[in-house]
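Fold and contact review
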Amino acid sequence: MRKVKTTAVDALAGALHDGMTIMSGGFGLCGIPNSLIEAIRLSGVKDLTVISNNAGVDGFGLGILLETKQIRRMISSYVGENKLFAEQFLSGALELEFNPQGTLAERIRAGGAGIPAFYTKTGVGTLIAEGKEVRRFGDSDYVMETGLVADLTIVHAHIGDTEGNLVYRKTARNFNPVMATAAKLTVAEVEHLVTAGEIDPDHVHTPGIFVQHVVHVPDPEKRIEQRTVRKTQQENV
């Protein structure tokens, strides 16, 4: 039980400081570590660089850290659902390093694997390649991208055990697994906490060796970013 903490605040105790880099798992609002994000907000830590596929939405997810102006820089792929993000970026209050989504995922995976850099075709000849090394391999040009690592990674898992082994559910198995490998400290919030040995080893997505702290967060709020429905047959008449 040494990895299990009582609250999200306890799980992050001593891990936060101004100017640090944090990876935050999730895709849209799916699989985001919302309780840990709230704990970061409560800490008041500032000048953060946050690596995340997106920046939540206004008033939820990473959006609450934009409201308090605790984030100075985002390394992201998709930020189109957050009005406050756009306002802060356009005003110059928020820095942005924009990445193609696959490149962002590979940069994180590379960082976790100890790979300092790699080459990819994605972005060659565009703004993405400006200021970066471009080399020719065979008949094509490739832009060099560097691996990403963080001081802290926060992830959300469906099931976790007391040793930190994690299982993600469906779409929540997105950026969470690669981010869990790419930081000095990884903290996981889990919906269902079980004892070590209860998870079939073949079902483990993130081995406990990558996870330092676990907090049990049953029944977390799960919002839908955009709900699209079809008209019923009666409405179409």
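Residues numbered from 1 in each chain as written. Predicted model: local features only at pLDDT ≥ 70, side-chain atom pairs only at ≥ 80, totals over all residues. Heavy atoms only, no water.

Under an unreviewed UniProt entry, the protein has the name 3-oxoacid CoA-transferase subunit A and belongs to Rhizobium skierniewicense.

**Re the pattern of salt bridges**
Our working definition: Note on definitions: salt bridges are taken to be side-chain nitrogens of Lys or Arg within 4 Å of carboxyl oxygens of Asp or Glu. The numbering of helices and of strands both runs from the N terminus, where a helix is a DSSP run of H or I of at least 4 residues and a strand a run of E of at least 2. For the exposure calls, accessible area comes from a 1.4 Å probe over protein chains only, and a residue counts as buried if that area is under 20% of its type's maximum, exposed if over 50%, partly exposed in between.
Across all of its chains, the model carries 12 salt bridges by this definition. Where Arg41 meets Glu38, a salt bridge forms, and the shortest distance between an N and an O atom there is 2.5 Å. On the criterion of helical spacing, the pair formed by Arg41 and Glu38 is a turn pair, its members being three residues apart in helix H2 (residues 34–43). Overall, Arg41 belongs to the partly exposed group, its relative accessible area being 30%. Its relative accessible area of 27% is what places Glu38 among the partly exposed residues. A salt bridge links Arg107 to Glu97; its shortest N-O distance comes to 2.8 Å. Separated by 10 residues along the polypeptide, Arg107 in helix H5 (residues 101–113) and Glu97 in strand E5 (residues 95–98) bring together distant segments of the chain.

**Regarding the sheet that holds strand E6 (residues 117–120)**
The condition that has to hold: For two strands to pair, DSSP has to find at least two bridges joining them. Note on geometry: axes are C-alpha line fits, over the in-contact stretch for helices, and angles between N-to-C directions span 0 to 180 degrees. Contact criterion: two residues are considered in contact whenever any of their non-hydrogen atoms come within 4.5 Å of each other.
Ordered by their spatial adjacency, three strands build an open sheet running E6-E8-E7, and the pairing between neighbours is antiparallel. Since the sheet does not close on itself, it has two edges, and those belong to E6 and strand E7 (134–137), each with one partner. Along the sheet, successive strands turn relative to each other by an average axial angle of 40°, direction set aside. Together, E6 and strand E8 (140–146) form the strand contacts of H5, whose direction differs from that of E6 by roughly 155°.

**Remarks on H5**
The condition is simple: Between the first and last residue of a helix there are one fewer steps than residues, each counted as 1.5 Å, and that sum is the expected span. Here the arc refers to the set of directions running from the helix axis out to each C-beta atom.
The terminal C-alpha atoms of H5 lie 18 Å apart, and with 13 residues this matches the ideal 18 Å at 1.5 Å per residue to within 8%. Buried within H5 are the following residues: Thr103, Leu104, Arg107, Ile108, Ala110 and Gly111. All buried residues of H5 lie within an arc of 160° about the axis, which places them on one face of the element. Trailing H5 by a residue or two, Gly114 shows a phi angle of about 80°, which is positive.

**Side note on the layout of surface pockets**
Filter applied, for reference: Cavity and pocket criteria rest on a 1 Å grid covering protein atoms alone: a 1.4 Å probe that fits but cannot get out defines a cavity, protein on both sides within 12 Å along at least 5 of 7 lines defines an open pocket, and an atom within 4 Å of a point defines a lining residue. Grid points are joined across faces, edges and corners, and a volume is the space filled by probe spheres set on the points. Any residue outside Ala, Val, Leu, Ile, Met, Phe, Trp, Tyr, Cys, Pro, Asp, Glu, Lys and Arg is labelled polar, Gly included; the first ten of those are nonpolar and the last four are charged.
Volume-wise, the largest pocket comes out at about 320 Å³. Lining the largest pocket are 21 residues; nearest its centre among them are Cys30, Gly31, Ala172, Glu191 and Lys222. Of all elements in the fold, only strand E9 (150–161) and strand E11 (183–194) reach the threshold of two or more residues within the lining of the largest pocket. No other element matches E9, which puts three residues into the lining of the largest pocket. In terms of residue class, the lining of the largest pocket is made up of nine nonpolar, five polar and seven charged.

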